[in-house]
Amino acid sequence: MTQPTRLSPSTTSPSDASAQVSSAAVSSASSTVSRNASRRAALAGALLLGASLSPQAMAQDSFSVCWSVYAGWMPWEYADTQGIVDKWAKKYDINIDVVQVNDYVESINQYTSGNVDGCAMTNMDALTLPAASSVDSTALILGDYSDGNDGVMVRDGDSLESLRDREVNLVQFSVSHYLLARALDSVSMSERDLTTTNTGDADIVALASNPDTQAVVTWNPQLATLKEMPGYTEVFNSSDIPGEILDLMVVNTQTLKDNPDFGHALVGAWYEVMEKMKAGDEAALSQMADAAGTDLAGYQSQLAATHMYYTPAEAVAAFNAPSLKDTMQHIADFSFAQGLLGEGAPDAGFIGIETPAGIVGNEGNVMLRFDPSYTAALADSQ
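Let me sum up the structure you'll find in this document. Along each chain, the written sequence defines residue order, and numbers are assigned to residues from 1. pLDDT decides what is reported in this predicted model: residues at 70 or higher carry local features, side-chain atom pairs at 80 or more are listed and counted, and totals for whole chains, interfaces and linings draw on all residues regardless. Remark: hydrogens and water are excluded; side-chain values derive from all non-hydrogen atoms of the structure.

**Some thoughts on the nonpolar core**
For step 1, the next point in the chain: Among the nonpolar cores identified, the biggest contains 107 residues, and Trp76, Ile96, Leu127, Leu163, Met277, Tyr299 and Phe370 are the most heavily contacted of them.
For step 2, the next point in the chain: Secondary structure elements follow DSSP: runs of H or I of four or more residues count as helices, runs of E of two or more count as strands, with numbering from the N terminus. Looking at which element gives the most residues to this core, the answer is helix H11 (residues 260–278), with 10 residues.
For step 3, the next point in the chain: In what follows, residue pairs with any heavy atoms lying within 4.5 Å of each other are defined as contacts. Look past the residues within four positions of Trp76 in its chain and what remains in contact with it is Trp67, Val85, Val98, Ile141, Met249, Leu266 and Trp270. Within this scheme, the nonpolar core is defined by two criteria: the residues are buried Ala, Val, Leu, Ile, Met, Phe, Trp, Tyr or Cys, and they are joined through side-chain atoms within 4.5 Å. Summary of the burial criterion: residues with accessible area below 20% of their type's maximum are buried, those above 50% are exposed, and those between are partly exposed, where the area comes from a 1.4 Å probe applied to protein chains only.

**Let's talk about the packing of aromatic side chains**
One pair of aromatic rings is described through two measures. These are the centre distance and the angle between the planes.
For step 1, the next point in the chain: To pair, rings of Phe, Tyr and Trp, with the six-membered ring standing in for Trp, must have centres within 6.5 Å; the planes then decide the type, stacked if under 30 degrees apart, edge-to-face if over 60, and tilted in the middle. Taken as a whole and judged by the stated rule, the model has six aromatic pairs.
For step 2, the next point in the chain: A ring pair is formed by Phe63 and Phe262, whose centres lie 4.4 Å apart and whose planes are at 10 degrees; its orientation type is stacked. Separated by 199 residues along the polypeptide, Phe63 in strand E1 (residues 62–67) and Phe262 in helix H11 bring together distant segments of the chain.
For step 3, the next point in the chain: One aromatic cluster in this structure is built from Tyr70, Trp73 and Tyr104.

**Quick word on the pattern of salt bridges**
For step 1, the next point in the chain: Only one rule defines a salt bridge in this text: a Lys or Arg side-chain nitrogen within 4 Å of an Asp or Glu carboxyl oxygen. Overall, the coordinates contain eight salt bridges when judged by the stated rule.
For step 2, the next point in the chain: The salt bridge partner of Arg369 is Glu354, with a shortest N-O separation of 3.9 Å. Of the two residues, Arg369 is situated in strand E14 (residues 366–370) and Glu354 in strand E12 (residues 352–355); the sequence distance between them amounts to 15 residues.
For step 3, the next point in the chain: Residue Glu354 is classed as partly exposed on the basis of its relative accessible area of 31%.
For step 4, the next point in the chain: Each of Asp136, Glu354 and Arg369 takes part in salt bridges that share partners, so that together they form one network.

**With respect to helix H14 (residues 312–320)**
For step 1, the next point in the chain: Among the residues of H14, Pro312, Ala315, Val316, Ala318 and Phe319 are the ones counted as buried. Each buried residue of H14 sits inside an arc of 160 degrees when the element is viewed along its axis, so together they form one side.
For step 2, the next point in the chain: In the core, the buried residues of H14 are packed alongside strand E4 (137–146), H11, helix H15 (322–337), E14 and helix H16 (373–381). Along the arc lie the directions from the helix axis toward the C-beta atoms.

Rendered as structure tokens:
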């Protein structure tokens, strides 16, 4: 997570949302926001948006996807401005509009409302926002996972056990919160053993400077700043749960089913950019860095803690790994415990999650699907 400022999530009516997407398209790419904000507020807005939708099957030739600033999603900016998405769309005789939305939660609301056909989001948010709002969604592209970008920092302590009876500051209901839950579970502890305090990511660094602050869970670049502060020790980070905090391109399942060329074009464009990144193309990486509000060295340091799936074959293997099913079970359990699956959810299995290794939860209510077939088709063609 790469953003120094946070914009509050807002609930938006479907009639207003289209206008906001248009204005977001011309917003400055350097105005950066967190991937994470209050899940309760965002979920409430998404439920209102989703309730008004009536999905209809239809073929179409124009599509739109949105993204927000994060290290693993900057390839969308490059693919858009360099005409790579247009090239692949033209190959399939379709049009794809790639839109930047400078508020991450709002971008998901735009997707949930049906104003865009796809959106870059984490696996946890895909479950707790559109899927929890009964918007059947498919993880089309498995782009990367956090491999050290998120961490647990303790003042005057050197272990997770030193968190006991302390106050921990974090963005509540975010992947930071999930990271803390997984960390505590690894040492047979739980949130009952400490106190969590919701803290905006824009305030984390300033708060950490206060000598009364005892512990913080955050992400880069804030995490890197904390590592330089005297007295703090990192006792757990996302590399300890590899493959669990995933960054995806999620698309509407019905739209994808009716328009498979939409999926093939997005996947083709994505992996054309991945080839450049894997080869260390400095011009491409410098453009992504600039759009992310940093320099090349800064962006490369973020990528160093982000495990990118640079080839279709790597991504297919990750899609098919049995560990994906286990990961989504962990996320479903956490999301239910935090009340993020909706007030009517009776248990963690209320929403079905389909993975190649099997279904997590209710087979009769599958609302989130991990589909490797489009990535596999590209791999087979290479």
